[in-house]
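Close look at the chain arrangement
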Amino acid sequence: MKVAENLVAIEEKILQACQKSGRNPEEITIVAVTKYVSAERAQEAVAAGITNLGENRDEGLSHKYSTMKQKAVWHFIGSLQTKKVKNIIDKVEYIHSLDRISLAEEIQKRTDKQVKCFVQVNVSGENSKRGIEPAEALEFIKSLEGFDRLSVAGLMTMAPLTDNESVLRSCFKKLKELQGEIQDARLGHAPCTELSMGMSNDFPIAIEEGATIIRIGTALVGEDS
Ligand SMILES: *Cc1c(COP(=O)(O)O)cnc(C)c1O
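Residues numbered from 1 in each chain as written. Predicted model: local features only at pLDDT ≥ 70, side-chain atom pairs only at ≥ 80, totals over all residues. Heavy atoms only, no water.

1. As for the UniProt feature "domain: Alanine racemase N-terminal" (unreviewed entry) in the chain
The condition is simple: UniProt positions are given in the numbering used here, feature names are shortened, and annotations may be inferred rather than shown by experiment. A run of H or I in DSSP counts as a helix once it spans at least four residues, and a run of E counts as a strand once it spans at least two, with each numbered from the N terminus.
Here, UniProt's "domain: Alanine racemase N-terminal" (unreviewed entry) annotation points to residues 7-223. With 39% helix and 18% strand, the stretch residues 7-223 has end C-alpha atoms that lie 15 Å from each other.

Dropping the structure here:
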């Protein structure tokens, strides 16, 4: 399938989820996750109107960043090893996987610009998932105050791999609630206006529960090319 055709189908689902929940579709940004596909396929996504691209490995990001003619806004979405920060930091505008102080220290050390970060929260509590425990998120975010090279744009989570709608919904609801607590703390370095949640199989539910950024790989660009 052409990316443009997949995009039409996804936009239709976004519209439906927004209508169902009384939201404005303009509040939702699609990050096309290109980690499975070639730079050519990523270029096809940009040609179809996508401006935000996401990768989860420094090699994949650097390769596409240097070979693609079109400019894109890059998001780093996967777990990020501290020693890899220097390879990606000047290529990305967003990091979706801030989950420890040592990573914040490295970001602070390696850049002169401002990086918008999402604090990754392990809402589902699965051992296999990374992220800060929900109960510790506010304290963690408070402790980021001294790092003037990064701001907390929002929270990110990955829902369990399941088709059980109520499990997915409660996961997204919890992240939204946590966002409310963090916004109530009125931290200058943590406006926390964004919620990065929802992937190919669960983005309509994530939107109904408040997602502002959805990260779509398979359903948009496919799994290989
Ligand atoms: C791979 C990945 C995605 C996209 O997954 P799909 O199910 O293919 O849409 C989104 N977020 C993260 C963190 C990922 O690693």
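More follows now that the structure is in view.
2. Focus: the environment of L61
Operational definition: By definition in these notes, contact holds between two residues if any of their heavy atoms fall within 4.5 Å.
With respect to the element layout, L61 can be found in helix α3 (residues 58-67). In sequence terms L61 and T34 are 27 residues apart; their C-alpha atoms lie 9.0 Å from each other. Setting aside residues no more than four positions away along its own chain, L61 makes contact with E55, W74, H75, I88, K91 and V92.

3. Here we look at the UniProt feature "modified residue: N6-(pyridoxal phosphate)lysine" (unreviewed entry) in the chain
For clarity, the threshold we go by: Classification of residues uses two cut-offs on accessible area relative to the type maximum, computed with a 1.4 Å probe and protein chains only: under 20% is buried, over 50% is exposed, and between them is partly exposed.
Under the UniProt annotation, the feature "modified residue: N6-(pyridoxal phosphate)lysine" (unreviewed entry) is placed at K35. Position of K35 relative to the elements: it lies in the loop between β1 (29-33) and α2 (39-47). Among the residues examined, K35 registers a relative accessible area of 34% and is labelled partly exposed. Residues in contact with K35, not counting those within four places in the same chain, are G54, E55 and N56.

4. A short note on the pairing of strand β2 (residues 52-55)
Counted only if it meets this: For two strands to be treated as a pair, DSSP must find no fewer than two bridges joining them. Here is how to tell: hold the view so the strands point away, follow the path from the first strand over the helix to the second, and if it runs clockwise the crossover is right-handed.
Residues of β2 alternate between two faces, with N52 and G54 on one and L53 and E55 on the opposite face, all of them buried. For β1 and β2, the ladder comprises 3 bridges, and the chain directions are parallel. In the strand pairing of β2, V31 is matched with N52. At this point the chain moves from β1, through α2, to the parallel β2, and the crossover so formed is right-handed. In the sheet, β2 pairs with strand β3 (residues 73-76) via 4 bridges, with the strands oriented parallel. Considered in β3, the bridge of L53 is made with W74. As for the winding sense of the linkage, the β-α-β connection from β2 through α3 to β3 is right-handed.

5. Concerning the pattern of salt bridges
Using the following cut-off: Salt bridge criterion: a side-chain nitrogen from Lys or Arg within 4 Å of a carboxyl oxygen from Asp or Glu.
Within this structure, the stated rule accounts for 17 salt bridges. The shortest N-O distance in the salt bridge between E59 and K84 comes to 4.0 Å. Taken together, the residues span a long stretch of sequence, with E59 in helix α3 and K84 in the loop between β3 and α4 (85-88) at a distance of 25 residues. Taking relative accessible area as the criterion, E59 reaches 42% and is therefore assigned partly exposed. Connected via shared salt-bridge partners are K20, E165, R169, K173, E208 and E209.

6. Details of the pairing of strand β6 (residues 150-156)
Within β6, 7 of the 7 residues are buried, which leaves the element mostly enclosed by the surrounding structure. Handedness of the β-α-β unit built from strand β5 (residues 115-120), helix α6 (residues 137-142) and β6 comes out right-handed. As defined by bridge partners, β6 adjoins strand β7 (residues 194-196) across 3 bridges and the pair is classed as parallel. Bridge pairing in β7 links G154 to E194. Handedness of the β-α-β unit built from β6, helix α7 (residues 165-184) and β7 comes out right-handed.

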